[in-house]
Amino acid sequence: MTRLQQQRITLTDIIFNIADAAGKLNYYLVLDYCRRCEDCAIGHDRSAHKEARAVDVVLYHKATGAVCDARTPEGAAVFSALHDVADSWGAAKRIPGDLGHFSVADAGQVR
């Protein structure tokens, strides 16, 4: 198995675990951006999304359907709790201002 395959498996494990944690916090976790093309207009040249080693997620409150806003204290606390779970599974460091982003780091790549 290649290193990239192992990293993508780890990312999948992270997503399953944070989805479970989100559910316990009364949120549905949905996948937003996963893999991006090499010449996509969004992102940057060294994005981990280009190798499918990153995913952006959105959270919907189970009772209201409201989107969890990471810019609010409550939303930041929810995303922080999910990042704590992701950290325990070997996720890359958090990106300030992009709390919906989860990834597995690799040498030479940006989260």
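Position labels on residues start from 1 in each chain and follow its written sequence. Only residues with pLDDT of at least 70 get local features here, since the model is predicted, and only at 80 or more are side-chain atom pairs given and counted; chain-wide, interface and lining totals rely on the full set of residues. To get the side-chain values, all heavy atoms of the structure are used, and hydrogens and water are removed first.

1. Looking at the pairing of strand β2 (residues 54-61)
Throughout, exposure labels follow a simple rule: accessible area from a 1.4 Å probe, protein chains only, divided by the maximum for the residue type, with under 20% read as buried, over 50% as exposed, and the rest as partly exposed. Per the convention used, a helix needs a DSSP run of H or I reaching at least four residues, while a strand needs a run of E reaching at least two, with both numbered from the N terminus. Counted residue by residue, β2 has seven buried out of eight residues, so it is predominantly covered. One bridge is not enough; two strands pair if DSSP finds at least two bridges between them. Across five bridges, strand β1 (residues 27-31) lies against β2 in antiparallel orientation. Along β2, the bridge assignment pairs Val30 with Val58. Examined bridge by bridge, β2 and strand β3 (residues 101-103) share three bridges and lie antiparallel to one another. In the sheet register, Ala54 faces β3, and the bridge partner there is Ser103.

2. Focus: the packing of aromatic side chains
The aromatic pairing rule takes the rings of Phe, Tyr and Trp, using the six-membered ring of Trp, and pairs them if the centres are within 6.5 Å, calling planes under 30 degrees apart stacked, those over 60 edge-to-face and the rest tilted. Following the criterion strictly, the structure yields zero aromatic pairs and no others. Sitting over a ring, as applied to charges here, requires NZ of Lys or CZ of Arg to be within 6 Å of the ring centre and within 35 degrees of the ring normal. One residue, Lys62, lies across the ring of Tyr28, its end atom 5.4 Å from the ring centre.

3. What to know about the environment of Gly23
Residue placement: Gly23 occurs in helix α1 (residues 3-24). Sequence separation of Gly23 and Leu59 is 36 residues, and the distance between their C-alpha atoms is 9.6 Å.

4. A look at unusual backbone geometry
The phi dihedral of Asn26 is positive, around 75°, even though this residue is not glycine. The class for Asn26 is partly exposed, based on a relative accessible area of 32%.

5. Focus: the layout of surface pockets
If you roll a probe as big as a water molecule over the atoms, it shows you where there is empty space left. Only protein atoms enter the 1 Å grid used here, on which a cavity is any set of points holding a 1.4 Å probe that cannot leave and a pocket is any open set flanked by protein within 12 Å on both sides along at least five of seven lines; residues with an atom within 4 Å of a point are listed as lining. Grid points are joined across faces, edges and corners, and a volume is the space filled by probe spheres set on the points. The space that makes up the largest pocket amounts to roughly 240 Å³. Take the lining of the largest pocket: its biggest share by element is three residues, from β2. Throughout this entry, Asp, Glu, Lys and Arg are counted as charged residues, while Ala, Val, Leu, Ile, Met, Phe, Trp, Tyr, Cys and Pro are counted as nonpolar. The remaining residues, Gly among them, count as polar. Looking at the lining of the largest pocket residue by residue, the class counts come to eight nonpolar, two polar and three charged.

6. A word on the environment of Ala54
Following the sequence through the fold, Ala54 ends up in strand β2. The class of Ala54 is buried, set by a relative accessible area of 2%. The sequence separation of Ala54 and Leu11 amounts to 43 residues, and the corresponding C-alpha distance is 7.2 Å.

7. Thoughts on the pattern of salt bridges
Basic side-chain nitrogens of Lys or Arg form a salt bridge, by our definition, when they fall within 4 Å of a carboxyl oxygen of Asp or Glu. The final tally for this structure, using the stated rule, is four salt bridges. Of the charged contacts in the structure, one is a salt bridge between Asp69 and Arg71, with a shortest N-O distance of 2.9 Å. We note a salt bridge from Arg94 to Asp84, for which the minimum N-O separation is 2.5 Å. Of this pair, Arg94 sits in the loop between α2 (73-88) and β3 while Asp84 sits in helix α2, and the two are 10 residues apart along the sequence. The partly exposed category is assigned to Arg94, whose relative accessible area is 28%.

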